[in-house]
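# Breakdown of the fold
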Amino acid sequence: MSRSSSALDRYHAKRDFSVTPEPSGHAHSARRQGKQASPEGLQFFIQRHHARRLHYDFRLELDGVLKSWAVPKGPSLDPHDKRLAVRVEDHPFDYGTFEGDIPAHQYGAGHVVLWDRGQWQPHGDPQAGLRKGHLSFLLTGEKLQGRWALVRMGKPAEDGKENWLLIKEEDDAARTGAAAAITDLRPESVKDQGDTPSAGKAIAPSPVQSMSDMPERMEAQLATLADSAPQGEEWLSELKFDGYRGLCRIENGRAAIHTREGLDWSHRWPILVEALAKLPVDQAWIDGEVVALDADGRVSFEALQNLVRGDRQQANGIRLALYAFDLLYLNGHDVRELPLHQRKELLREVIPGGDEQGLLLYSEHIAGHADEVFRHACQHGMEGIVVKRADAPYSGRRDRNWIKVKCEHRQEFVIAGYTEPAGQRSGFGAILVGVHDEQGQLQYAGRVGTGFDERLLGSMLKQFRQREQDQPAFVNPPTGQQRRGVHWLKPELVAEVKFAQWTKSGILRHGSFVALREDKAPEEIVRETPGIASDEVHPENAEAKPKAPVRCSAQNLSRPVMVEGVKLTHPGKILFPDTGLTKLELARYYQSVAPWILPELKQRPLSLVRCPDGHAGKCFFQKHTGQGMPDAIETIEVPEGEGTARYMMVNDVAGLVATVQMGVLELHAWGATGRALDKPDRVVFDLDPAPDVPWDTVVEGAQLVRGLLEELGLSCFLKTSGGKGLHVMVPIRPEHDWDVIKDWAHRLAAHLARLLPDRFIARMSKAARTGKIFIDYLRNAPGATTVVAYSVRARDGAPVSVPITWEELEQGVQADHFRVSTMQKRLESLSHSDPWADFNKPPQRLTRAMLDAFDPA
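I will try to describe carefully the structure that is included in this document. (Residues numbered from 1 in each chain as written. Predicted model: local features only at pLDDT ≥ 70, side-chain atom pairs only at ≥ 80, totals over all residues. Heavy atoms only, no water.)

### Digging into the overall build of the chain
Helix and strand content of the chain: 17 helices and 44 strands. Across the 857 residues in the chain, those meeting the buried criterion constitute 56%. Partitioning the intrachain contacts of the chain with sequence separation of at least 6 by distance along the chain shows that 68% fall at a separation of at least 24. (Helix = DSSP H or I, 4+ residues; strand = E, 2+ residues; numbered from the N terminus. Buried < 20%, exposed > 50% of the residue type's maximum accessible area, 1.4 Å probe, protein only. Contact = heavy atoms within 4.5 Å.)

### Some thoughts on the sheet that holds strand E42 (residues 773-776)
With mixed pairing, six strands are arranged side by side in an open sheet as E41-E42-E38-E40-E39-E44. Of all the strands in the sheet, the pair left with one neighbour each is strand E41 (760-761) and strand E44 (803-804). Pairing analysis gives two bridges linking strand E39 (residues 717-720) to E44, with the strands arranged antiparallel. Along E44, the bridge assignment pairs lysine 719 with proline 803. Relative to the sheet, helix H14 (residues 738-755) contacts strand E38 (682-689), E41 and E42, its axis offset from that of E38 by approximately 35°. (Pairing = 2+ DSSP bridges. Axes fitted to C-alpha atoms, helices over the stretch in contact; angles between N-to-C directions.)

### Describing the environment of valine 740
Take valine 740: it is sitting in helix H14. Measuring from C-alpha to C-alpha, the distance between valine 740 and alanine 781 comes to 9.7 Å, with 41 residues separating the pair along the chain.

### Structural notes on the sheet that holds strand E20 (residues 398-406)
The five strands are arranged E10-E20-E19-E11-E18 in an open sheet whose pairing can be described as mixed. Every other strand in the sheet has two partners, leaving strand E10 (222-225) and strand E18 (366-367) as the edge strands with one partner each. Two elements, strand E11 (residues 235-240) and E18, share two bridges in a ladder whose sense is antiparallel. Note on E18: the bridge partner recorded for serine 237 is isoleucine 366. Against the sheet, helix H9 (residues 370-379) engages E11, E18, strand E19 (384-389) and E20, with an angle of about 155° to E19.

### Considering helix H8 (residues 340-350)
One turn of the α-helix equals 3.6 residues, which is why residues spaced by three or four share an orientation. Burial in H8 covers these residues: Leu340, Arg343, Lys344, Leu346, Leu347 and Val350. Angular distribution of buried residues about the axis of H8 spans 160°; they occupy a single face of the element. Residues of H8 that are buried in the fold lie against E11, strand E14 (283-293), strand E15 (319-330), strand E17 (360-362) and E19. (Arc of directions from axis to C-beta.)

### What to know about the packing of helix H11 (residues 583-601) against helix H12 (residues 653-661)
Taken N-terminus to C-terminus, the directions of H11 and H12 make an angle of 135°; their axes are 8 Å apart at the nearest point. In terms of axis orientation, H11 runs oblique to H12. Of the two elements, H11 crosses H12, and the hand of that crossing is right-handed. Seen from H11, the contacting residues are Lys583, Leu586, Ala587, Tyr590, Gln591, Ala594, Ile597, Leu598 and Leu601; seen from H12, they are Val653, Leu656, Val657, Val660 and Gln661. Here the residues of the contact of H11 with H12 sort into 11 nonpolar, two polar and one charged. (Parallel < 35°, antiparallel > 145°, perpendicular 65-115°, else oblique. Left-handed = near helix turned anticlockwise from the far one by under 90°. Nonpolar A, V, L, I, M, F, W, Y, C, P; charged D, E, K, R; others polar.)

### Quick notes on the pattern of salt bridges
Summed over the entire model, instances satisfying the criterion amount to 56 salt bridges. With its nearest N and O atoms 3.2 Å apart, the salt bridge here joins glutamate 666 to arginine 793. Residue glutamate 666 is found in strand E37 (residues 664-669), and its partner arginine 793 is found in the loop between strand E43 (786-787) and E44; the two are separated by 127 residues along the sequence. You can call arginine 793 buried: its relative accessible area is 10%. (Salt bridge = Lys/Arg side-chain N within 4 Å of Asp/Glu carboxyl O.)

### Concerning the state of the cysteines
Here a disulfide denotes one covalent bond, and it connects the sulfur atoms of two cysteines. The full count for this structure, using the stated rule, is two disulfides. For cysteine 378, the disulfide goes to cysteine 407, at an S-S distance of 2.0 Å. Because the sign of the S-S torsion sets the handedness, a value of about -95° for the bond joining cysteine 378 and cysteine 407 places this disulfide among the left-handed ones. Taken together, the residues span a long stretch of sequence, with cysteine 378 in helix H9 and cysteine 407 in the loop between E20 and strand E21 (409-419) at a distance of 29 residues. What pairs with cysteine 611 in a disulfide is cysteine 619, and their sulfur atoms sit 2.1 Å apart. Between cysteine 611 and cysteine 619, the S-S dihedral sits near 115°, and the bridge is therefore right-handed. Its relative accessible area of 1% is what places cysteine 611 among the buried residues. (Disulfide = S-S within 2.5 Å.)

### With respect to the nonpolar core
Among the nonpolar cores identified, the biggest contains 101 residues, and Tyr589, Tyr590, Ile597, Phe685, Leu709 and Trp744 are the most heavily contacted of them. Broken down by element, this core gets its largest block of residues, 10 residues, from H11. Judged by nonpolar contacts, the second largest core, of 37 residues, contains Leu272, Val281, Leu330 and Val350. (Core = buried A, V, L, I, M, F, W, Y, C linked by side-chain atoms within 4.5 Å.)

Read these as geometric descriptors, not functional statements.
Structure (structure tokens):
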């Protein structure tokens, strides 16, 4: 067997060449053998690879094959940017020009683009450089030029994994600042015009999840009503369009428009369906709103109603349009998990701003300034605005990541009766409307007698007569004089109504009919209460965890409720003003995460961050027990100073809920348990970046810490801090005392700071931390604590510290990525993919050789 074919064994073992279009390499490897004697003719290739995570594959021809590294951030022309490069299996030489799609379920599934290629010339013996771990070379490519180096971080791990750094050396080709971002400045393919292009159309998503099948149906994300819009640059403000929701499915040149209930309304909007089918995509799901625009380009719901009733689409200057505001799926990739701002960047490529006919329009947004956007919307007769978190995924349900603020009171009601007309009026007099309560019963909400023209009075009466019944559908129908002359209806029609206000008894005042809403299901219609989401828990059912969300109102959150046997006073108290998160909701959150957070809490002394007035008020740390502490909070005796002190512990769900009753927003735990308080069972490295450190640098910093630990033979785990950094956790057997562990952690941190002084610092000095990451080893001391996994943080947005995989980190998860409002989907995935499932299986030993691995700090 030739040397090259042996080198490709790992490459061949990972691929099924009857499925993947990647080259097998059998034909060309032998021909390239002769090239090793002539280094000047060696070639290099760089491919941009949209697989499970976006990365760049850096390949150098040597020994008849392509020596390969995966570079998550791609190359940089700035010599100060030391880019992580993970060594991967050798590839055949003819892989260098490969460009196309690796099918789903195959190794490396995703889109491959040939980003750069050219010749490389090693400085000295390249085989010796690879063995030594320092390879210097000259690149002459279409995009990359000049001197470069690949430097290995330590020795290869036991599993063969090697972490390297790709570094641009100082020369005329080096750049700084924006000019160094070559992957952004030159994103195009360098594939020859004569080469066979990859299949499909031009648009492909940037950092996305792995390829997946095209869903047949999508659940629409819904907005929560609020009195005012949240503030801050992390919120994007869009106009609220007065129309019909349209979930648009495009596949292989055919399109369809679905309502939020999943009804296919393509036959109602054929002109829009035709325009969608012409978009430059193979597959897509686009979320938007179908509207009617008058001659001045203003949205007119009345005109849209006329079109629904069959009027000509272009009559009187009225035209149809679809405002697209979100992208859910694109060309084999489900992009719902991407942050909103990235989804909208992709959407902007699909719908640049409008087609030639003005049928498909991109919904613009403004970051921050929500109050100003709201005033502008109301002044111009719009319905209101929708404010969305820029970093949130698309949940497909109602949550607080989308907030709607309306210029006037307006919502849907169920029609369950009508009255006879009076005077000269024809048709009917008024409609009787209602909303469903928490038990799903239809509650009477009043009469609406204005807003109808003669045509509506006649057409609606026809629909009413088909639905008449003897008994009222309301559980509390009007009585006495108010009941005289009323015709009861089956509750099957939905009316949109604008009105002045609600009375204390739950009756709307000065209601005016807007439209019938065929796209809304009657059973979903409830009273919209600002600041209260439809997926909150009804406090009267607080003893049990509901299988399905139930609704609550502001009124029933004022009295105490029992949760897990703990009396929760003022359950409607808002703890996070920017999100509206209530005390009851926080208790419910801890109920939901109990199976994952309790193993991190049990038998560990705690320090608690208490914020009695919510996170916007005064907060303080508490570690010792005090008077009035709930019974569900347990205690533990801890050595302290010359004696002992009593600390708090949480060992069950009731204890978790009790911390909420105490006004606790953060849970911090020791690194040791009551079984051996003097011997920690974990080592914590808190990566705390200075404010000017980019997130990508923090990601690489965590990966470098991981690489160093793995070189020692230690597995490590990762979690977001919920703040601005990351926690690298090393579970160990509790065999060494605190002084030993703290000293070892300090020496490891100092080693990295010496190795990469421009990136790390192991001292707390804030003056010296500019542009660097402080490796905080001080968590590894008696009395020191770390925020617990799944604990909420007392910060804007109610972020959560969450365990993640290293792959998720590379895919774009940031320190405050997870929030209470977005955790439900995360929890649903943990039953089969818990990132910390192997945290203590079995506990690792910190050996003497490991302890002696680094020089004294």
